[in-house]
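Each chain, letter by letter, is given below.
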Amino acid sequence: DGGITQSPKYLFRKEGQNVTLSCEQNLNHDAMYWYRQDPGQGLRLIYYSQIVNDFQKGDIAEGYSVSREKKESFPLTVTSAQKNPTAFYLCASSMTSVAYEQYFGPGTRLTVT
Amino acid sequence: EDQVTQSPEALRLQEGESSSLNCSYTVSGLRGLFWYRQDPGKGPEFLFTLYSAGEEKEKERLKATLTKKESFLHITAPKPEDSATYLCAVQANFNKFYFGSGTKLNVKP
């Protein structure tokens, strides 16, 4: 089955620790995205990548980092510099970055205490 | 300023009671408008893409329409399983995506 997987589903960390969220897709999509979703708010774009070894900052990139070494994988690191890391994180992919729908993974809920 | 606004924030319907959800947008250079369904604790599920004013798409009890300033998601004779949050997203110039905050639909049996 083609799709996007995110792991883990739930993640707990202590304040001050970096944590990496996994995102893998087998849809052969070129573009991948990371969003953050908070209660009552729309999805906010953290980073996106249109091609391997290239990525751009979204609207709320501060305190996050990404890599795109393989077409299938786009991991997100939440660093200790992110002031409010507790949120629901969603990974998405699309065929290209222009005028194509995005397909989303199941999400990772990160709780930092 | 580019933005997407969805209304109402929440909608409660009786089973079989048809209604519409609204997504209004102000963006520079619309490249596409997308509708998604999101169940609690899950990722959004893609429903429709609309590209130009006048376009319509249908799927089961859902029908999406697009004008130059807004899109409507019409729900005909909804069932309890249609209960979810419906998200609208717009892609504008420079490949920027903007999401609305969603309409939470609750269909009572």
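Shown above is the structure to which this text applies.
Scope of this entry: the structure provided in the associated data block. Only a predicted model underlies this, so the values are computations on that prediction, with no experimental measurement involved.

Things to note about the overall build of chain B
Part 1: Along the backbone of chain B there are 0 helices and 11 strands.
Part 2: Walking chain B from its N terminus toward its C terminus, one meets helices and strands in the order β-β-β-β-β-β-β-β-β-β-β.
Part 3: The principal-axis extent of the C-alpha atoms belonging to chain B is close to 45 × 30 × 20 Å.
Part 4: Burial status across chain B gives 46% buried among its 109 residues.

A short note on the sheet that holds strand β1 (residues 4–7) of chain A
Residue and element names in this part refer to chain A.
Part 1: In space, the 4 strands of this open sheet follow the order β1-β3-β8-β7, with antiparallel pairing throughout. Among the strands making up the open sheet, the edge pair consists of β1 and β7 (64–66). The mean angle between the axes of side-by-side strands here comes to 20°, regardless of whether they run parallel or antiparallel.
Part 2: Two strands pair when backbone bridges link them, and β7 and strand β8 (residues 76–78) are joined in this way by 3 bridges, in the antiparallel orientation. Within β8, the position partnered with Y64 by the bridge is V78.

Let's talk about the packing of aromatic side chains
Think of a pair of aromatic rings as described by two things: how far the centres are apart, and how the planes are tilted against each other in angle.
Residues and elements named next belong to chain A.
Part 1: Inspection of every chain in the model, using the stated rule, returns 13 aromatic pairs over all chains.
Part 2: Arranged with centres 6.3 Å apart and planes meeting at 25°, the rings of Y33 and Y35 form a pair that is stacked. Accessibility classification places Y33 together with Y35 in one group, the buried group.
Part 3: Relative to Y48, the ring of Y33 has its centre 6.3 Å away and its plane inclined at 20°; by these criteria the two rings are stacked. Residue Y33 is located in strand β4 (residues 31–37), and its partner Y48 is located in strand β5 (residues 44–51); the two are separated by 15 residues in the primary sequence.

Structural notes on the state of the cysteines
Residues and elements named next belong to chain A.
Part 1: Considering all chains together, one arrives at 2 disulfides over all chains under this definition.
Part 2: Through a disulfide, C23 is tied to C91; the S-S separation comes to 1.9 Å. An S-S torsion of about -70° defines the bridge between C23 and C91 as left-handed. Here C23 is found in strand β3 (residues 19–25), whereas its partner C91 is found in strand β9 (residues 87–94), with 68 residues between them in sequence.

A word on the sheet that holds strand β7 (residues 62–66) of chain B
Residues and elements named next belong to chain B.
Part 1: Across the sheet, 5 strands lie side by side as β1-β3-β8-β7-β6; this open sheet has antiparallel pairing. Every other strand in the sheet has two partners, leaving β1 (3–7) and β6 (56–59) as the edge strands with one partner each. Sheet twist, expressed as the mean angle between neighbouring strand axes with direction ignored, is 15°.

Rules and cut-offs
Residues numbered from 1 in each chain as written. Chains lettered and ligands numbered in written order. Predicted model: local features only at pLDDT ≥ 70, side-chain atom pairs only at ≥ 80, totals over all residues. Heavy atoms only, no water. Helix = DSSP H or I, 4+ residues; strand = E, 2+ residues; numbered from the N terminus. Buried < 20%, exposed > 50% of the residue type's maximum accessible area, 1.4 Å probe, protein only. Pairing = 2+ DSSP bridges. Axes fitted to C-alpha atoms, helices over the stretch in contact; angles between N-to-C directions. Phe/Tyr/Trp six-rings, centres within 6.5 Å; stacked < 30°, edge-to-face > 60°. Disulfide = S-S within 2.5 Å.

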